[in-house]
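Below, each chain spelled out in residue letters.
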Amino acid sequence: MKQKAILVIYLISVAFLSIAQSDRWQQKVDYIMNIDFDVTTHQFNGTQVLSYTNNSPDTLNNVFYHLYFNAFQPGSMMDLRSRNIKDPDSRVKDRISLLAKNEIGYLRPTELKHNGTSLSFQIAGTILEVDLVSPILPGSTANFEMKFNGQVPKQIRRSGRDNKEGVSYSMSQWYPKLCEYDYEGWHSNPYIAREFYGVWGDFDVKISIDPSFVVASTGYCQNPNEVGYGYEDEGVTVKRTKKKLTWHFVAPNVHDFVWAADPDYTHLKKQGPNGTMLHFFYQPDSITNTTWPKLPDITAKALEFMNRQYGVYPYKQFSVIQGGDGGMEYPMATLINGRGSMRGLVGVTIHEFFHNWYQGVLGSNESLYPWMDEGFTSYASAYTRQFLNNSTNDPLAGSYGGYYFIVESGKEEPLSSHSDHYNTNRAYSIAAYSKGAVTLGQLEYIMGKNVFDAAFLRYFNTWKFKHPNTTDFKRVMEKESGLELDWYFLDWIGTTRTIDYSIQSVINKENKTFITLERIGQMPMPVEVVVTYKDGKNEKYYIPLRVMRGTKPDDGEMPRKVFEDWPWTYPTYTFSIPGLADTIKTIEIDPSKRMADVDRSNNVIDIGEKEPTFE
Ligand SMILES: [Zn+2]
């Protein structure tokens, strides 16, 4: 009995130990906000009660908040960056510098208390710097009470009033938002162009606004029968007065809260899989009336595939909202342009919905690892669109094409760059979206598609709500595949080294064919060669890279032979296959095209055209 008890205690402590080792502490926020909004001045007053739990082992002597709206003022960091970068975003250009006083955006805290004590603070552009009088100790919860007011900028980028499709208010990045503090320290990243990082917690938001406006938002509506506009239960008649209407939303475990408001919204609902209610808000016109009513069924069908293939969406609601200036992701919701083609509308909806997996739930620091959000989102949405279209086209062809284009241009920058620090917007977007997606396409090649699919799902389930970094992702890929992958991530993420393999020679000798491969590019890879014979048969010859310390499993598509691994410092590698070359039709390196070989012209030899060399 005693021994059993000791064993049980031992097993329990081992279990705890292993949880602790694979876990990473997270700070926690709980916001209660009351917003009084004036649709004539586009200004609002707000109160915010923030309970901030310090789960870190560190004592915090200061805190920082984002004040994103301050970016939309002449002379802001965003304005200067946009006016000085070589290829400015056409939505921004010099438009911030031209804003009049009543068109700029601002967020102004007027009072801040920490556990009842008033604090002084400093507004430094889009960041509020706060020195604490008493520190926040590890494991304690601090209460911050803030009063603030704001003005909604004329629509420039993402948020603002009167977007080009006529939506009155696109309210993203609209409230004082605590910056993230994680195992890497504070991330008080100024708002210059892009990418967001936040603390998870519960939001309780009340918005009082003119009663003619329909509000769409993150979170679950708490007073549907009071506000109506399609939120109300069936059969309920909503009484309206001329007084401001207060909308109440609650969002659990999210790192941001978006809302939009317009008097003309049509609101559609569709019950999606796994209890997720899908909401759609659009302004009816001759275009949207033909496209948006078809969107709910397609989104529901997509969600079933997304849940199955990429991990279960953890919320019971998602809203597709016309607003903003293009597609932009927020927890439980997206703002998208609504007047595009059906194909475009579906594409942007799926893309932005997927951000809830990679930006919303995994929440990697997008300033440091933008490719872990945009790239992964692009990858998963490409396969989902392929599923929806029942297509046999390569879903990643566009991503590979983008990557080859930027390599060819000579303007490529490493994926490890800070998302705001790229020299050009183009280098950023191709890196984050295209090369980010190719990162995964290439892992399919290195690990095998089935192993990769399992690993990618395991990554979501292992790291949800934990802000994974590149190494965390790499470790899941290694654990699932049994391969060592340092060499891949170091070169592919940290450098702009490229891949180029060629078939250097094909030589007949003693009734055998000797094939010599050459590594021309700086970056090494495992190499797969497919030989197609004149009788129609084909065979795969697989050469693992020695530093992988393993091989990928046989996919069973065709007979496969595994050769000795290739030590990467060797510039060439020769192997022989039985029979003379005149039985061979073609020899090709990686016909799957999943290896991002920058020069494919030397990947294939057509023996029909070329006389083999005899010795
Ligand atoms: Zn995106």
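Residues numbered from 1 in each chain as written. Predicted model: local features only at pLDDT ≥ 70, side-chain atom pairs only at ≥ 80, totals over all residues. Heavy atoms only, no water.

Just checking my understanding: could you explain the coordination of the zinc ion for this structure?
Tetrahedral metal sites with four donors have an ideal angle of 109.5 degrees; octahedral sites with six donors have ideal angles of 90 or 180 degrees. Bound to the zinc ion are the protein donor atoms His 351 (NE2), His 355 (NE2) and Glu 374 (OE), situated 2.0 to 2.1 Å from the metal. Of note, the donors binding the zinc ion are all from one chain and are spaced H-x3-H-x18-E. Of the two residues, His 351 sits in helix 6 (residues 342–362) while Glu 374 sits in helix 7 (residues 371–389), which places them 23 residues apart along the sequence. Here the two residues His 351 and Glu 374 agree in accessibility, since each one is buried. (Donors = N, O, S within 2.8 Å, 3.2 Å for Na, K, Ca; no water. Helix = DSSP H or I, 4+ residues; strand = E, 2+ residues; numbered from the N terminus. Buried < 20%, exposed > 50% of the residue type's maximum accessible area, 1.4 Å probe, protein only.)

Just checking my understanding: could you explain the packing of aromatic side chains for this structure?
A ring pair, where both rings are aromatic, is described by two values, the distance of the centres and the angle of the planes. Inspection of the entire model under this criterion finds 68 aromatic pairs. Geometrically, the ring pair formed by Tyr 379 and Phe 452 is edge-to-face, given 5.7 Å between the ring centres and 80° between the ring planes. In this pair, Tyr 379 is assigned in helix 7 and Phe 452 in helix 10 (residues 449–463), connecting sequence segments 73 residues apart. In this structure Tyr 379 comes out as buried when scored by relative accessible area, which is 1%. Seen in terms of ring centroids, Tyr 379 and Phe 456 are 5.7 Å apart; in terms of plane orientation they differ by 85°. Their pairing is edge-to-face. Taken together, the residues span a long stretch of sequence, with Tyr 379 in helix 7 and Phe 456 in helix 10 at a distance of 77 residues. Over the aromatic face of Tyr 428 sits the side chain of Arg 194, whose NZ or CZ is 3.7 Å from the ring centroid. Lying over the aromatic face of Phe 514, Lys 509 brings its terminal NZ or CZ to 5.4 Å of the ring centre. (Phe/Tyr/Trp six-rings, centres within 6.5 Å; stacked < 30°, edge-to-face > 60°. Lys NZ or Arg CZ within 6 Å of the ring centre and 35° of its normal.)

When you look at the sheet that holds strand 14 (residues 201–209) in this model, what are you seeing that I'm missing?
Backbone hydrogen bonds hold the strands of a sheet together, and the pairing may be parallel or antiparallel. Pairing within the open sheet is mixed, and its 8 strands lie in the order 5-4-8-2-1-14-17-16. Pairing within the sheet leaves two strands with one partner each, and these edge strands are strand 5 (117–118) and strand 16 (220–221). (Pairing = 2+ DSSP bridges.)

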